[in-house]
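Given next are the chains, with one letter for each unit.
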Amino acid sequence: MEPQRSPLLEVKGNIEVKRPLVKAPSRLPLPGSRFKRGPDQMEDALEPEKKRTRGLGTAPKIATSRPRAPALTTVPQTQGQTAAPKVPKKTGPRCSTAIATAAAPSMLGGKKPSKRPAWDLKGQLCDLTAELKCYRERTQTLDQENQQLRDQLREAQQQATVLGAERRTLEGELARVQAQAEQGQQELGNLSARVLELEERLGTQESLVQELQKEQLGLQEERRGLATRLEEQERRLQTSEAALSGSQAEVASLRQETVAQAALLAERGERLHGLEMERRRLHNQLQELKGNIRVFCRVRPVLPGEPTPSPGFLLFPSGPGGPSDLPTRLSLSRSDERRGTLSGAPAPPTRHDFSFDRVFPPGSGQDEVFEEIAMLVQSALDGYPVCIFAYGQTGSGKTFTMEGGPGGDPQVEGLIPRALRHLFSIAQELGGQGWTYSFVASYVEIYNETVRDLLATGTRKGQGGECEIRRAGPGSEELTVTNARYVPVSCEKEVEALLHLARQNRAVARTAQNERSSRSHSVFQLQISGEHAARGLQCGAPLSLVDLAGSERLDPGLALGPGERERLRETQAINSSLSTLGLVIMALSNKESHVPYRNSKLTYLLQNSLGGSAKMLMFVNISPLEENVSESLNSLRFASKVNQCVIGTAQANRK
């Protein structure tokens, strides 16, 4: 069988076979060629001869009467034809003259005609006629050759057309074959990629099979181990079933004991509740025996840079039991230089003795002070309103007693953070008995008979005109401050944050008595709500901790400078509210029908903490300096009047 040939090779073979059909190029011009010349161009070929004749003096008109011969041209070599001998040619209108002069010798037998003389015009004309005849014969020969070449050209063009059609067919087939080849290559690439992917998956599956085989071996080992454990558990189960039958009787006995214990527990719960109620009653009775209005006196220590008081200026006499008794008395001596004896010697100092429920000398710490009032603070959890306020002149230590010192030192914490820590601790202990407590704190100040919220933040900071004291609701005895923040608290850190914010917002000013003096009454109130869900009991009471403004008279506390008038107005407002506080306490002590609570914003806000169902404690803070003896005596005398007041038995707010 003959091997199949490529289409490109077949086309190449056809072209090589048909190539000899193209003949050698002819010098005759092709139809439409740009080298075709007419009689005018032939006449131009005779121009040299005319010039020669003109040079001999002959008439030039003879040459114009000659007939014009057809021009001779050369045919350019076509593509694919064999190369013909090159004939020298010149491109230009004189080309035919060169051809005629070159061919003339051959037509005359190879002999060059002798040059006729210039006067032999007839001979020259004959020569030209003969030459023209030769050219005409040559032209006929060339026309015949040209016709043959045109026939060959026509055949070659037809053959080229056929070959072009075959070429286009083969090119289409070649393009189709190439497209098929490219598609095959693409499919081959896809199949190769698929093979690689399948090989990779095969490797993954093989590794997975190996892992599964290992896992199967492990599971078989685990199954054997579990089977062994199952047998062991079955043996233990049999043993346990045997023990269970013996335990069921014991369980029945324990259930009977549990029922008895539950009954005993309920009985003890009732007894514990009764004991708690009795504790509260005795606790309240103890507080009543101490007095529903108690007064403590605290003397601050001498600060660095202050003069040391003279010996005997402040004395703390011992009680009936001797030095072991807690101090309750204070003796202050005052010398008057304006008084004198008959001999001219100064009069002896006058001694003033005061007695209070408790006196704290300068060396007493914050923990010792709070230990004395811890039981009173606990009464707030039992449902009794409690009010503790610090009274005294500027710089006597009222703010230190209530809030503590700066720096966060636990040793100098004031009564407010200590009281709340104590309440949180007791509330947690009572939670084991079924009581749940919630605490809501507020902190306001009363400055020039205007209530300000010390816990305000943002744009409301320092705007006191928006706060007013109102009833919580129609028919309600509870008082609330409008537009003030009431913040639920449950831990000490939240209380510390509130105290820090209030300390920044409180109104202070420089006075002659103190560089930074509180010019307002600050009232910290903690609303306590308790509930015993199992017994349906509820209780609620406020705990009010008040830091009063300085109680000095106008002249000692008056500051010089542009703010003198403002300090004067502040002092008048402070003294007016403190006088109203004393009048309210006296009215309560005398059981008067009208108590002037509304005469001051301070007493109106503390109305529910000053009445007959409340427990009050006043700290009178005094300075140890002799220069402040006048203000100290005024504070001590006011505290003595309050200490002599007796208010009726307090009633717990229970539901």
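Before reading on, note that the structure itself is shown above.
Reading guide: rules and limits
- Residues numbered from 1 in each chain as written.
- Predicted model: local features only at pLDDT ≥ 70, side-chain atom pairs only at ≥ 80, totals over all residues.
- Heavy atoms only, no water.
- Pairing = 2+ DSSP bridges.
- Helix = DSSP H or I, 4+ residues; strand = E, 2+ residues; numbered from the N terminus.
- Contact = heavy atoms within 4.5 Å.
- Axes fitted to C-alpha atoms, helices over the stretch in contact; angles between N-to-C directions.
- Buried < 20%, exposed > 50% of the residue type's maximum accessible area, 1.4 Å probe, protein only.
- Core = buried A, V, L, I, M, F, W, Y, C linked by side-chain atoms within 4.5 Å.
- Parallel < 35°, antiparallel > 145°, perpendicular 65-115°, else oblique.
- Left-handed = near helix turned anticlockwise from the far one by under 90°.
- Nonpolar A, V, L, I, M, F, W, Y, C, P; charged D, E, K, R; others polar.
- Salt bridge = Lys/Arg side-chain N within 4 Å of Asp/Glu carboxyl O.

(A) Fine view of the sheet that holds strand β3 (residues 329-334). Spatially, β2-β3-β4 is the arrangement adopted by the three strands of the open sheet, whose pairing is antiparallel. The open sheet has two edge strands, β2 (314-315) and β4 (350-355), and neither has a second partner. Looking at chain direction, β3 and β4 are connected through six bridges and run antiparallel. Directly across from Leu-332, in β4, lies its bridge partner His-352. Across the face of the sheet, helix α13 (residues 629-643) comes into contact with β3 and β4 while running at roughly 145° to β3.

(B) Spotlight on the environment of Leu-548. Mapped onto the secondary structure, Leu-548 falls in the loop between β15 (537-547) and α10 (564-589). Taking the relative accessible area as the measure of exposure, Leu-548 reaches 2% and is therefore buried. In this structure, the C-alpha to C-alpha distance between Leu-548 and Ile-574, residues 26 residues apart in sequence, is 8.6 Å.

(C) Representation of the nonpolar core. Counting residues in hydrophobic clusters, the biggest one holds 51 residues, and the most contacted among them are Phe-389 and Leu-610. Sorting elements by how many residues they give to this core places α10 first, with seven residues. Of all hydrophobic cores here, the second largest spans 45 residues; its members include Val-377, Leu-381, Ala-502 and Phe-619.

(D) Inspection of the packing of helix α6 (residues 366-378) against helix α8 (residues 415-431) at higher detail. Put simply, α6 and α8 touch, their axes get as near as 10 Å, and they point 50° apart. The angle between the axes of α6 and α8 places the two elements in the oblique class. For the element pair α6 and α8, the recorded crossing hand is right-handed. On α8, the residues that touch Gln-366, Asp-367, Val-369, Phe-370, Ile-373, Ala-374, Val-377 and Gln-378 of α6 are Leu-415, Arg-418, Ala-419, His-422, Leu-423 and Ile-426. Taken together, the residues that form the contact of α6 with α8 break down as nine nonpolar, three polar and two charged.

(E) Structural view of the pattern of salt bridges. For the structure shown, the criterion picks out 13 salt bridges. The salt bridge partner of Arg-167 is Glu-171, with a shortest N-O separation of 2.4 Å. One end of the pair, Arg-167, and the other, Glu-171, are both in helix α5 (residues 121-290), four residues apart, so they sit about a helical turn from each other. Across the salt bridge formed by Glu-368 and Arg-358, the nearest N and O atoms sit 3.0 Å from each other. Note that Glu-368 is positioned in helix α6 and Arg-358 in strand β5 (residues 358-360), a separation of 10 residues in sequence. Through salt bridges that share partners, Arg-116, Asp-120 and Asp-127 make up one connected network.

(F) Here's a closer look at the packing of α8 against helix α9 (residues 492-505). Two numbers describe how α8 lies on α9: the axes approach to 10 Å, and their chain directions differ by 155°. Put simply, α8 runs roughly antiparallel to α9. Once α8 is placed against α9, the crossing between them reads as right-handed. Here Ile-416, Pro-417, Leu-420, Arg-421 and Phe-424 of α8 lie close against α9, whose contacting residues are Glu-492, Val-495 and Leu-499. By residue class, the composition of the contact of α8 with α9 is six nonpolar, no polar and two charged.

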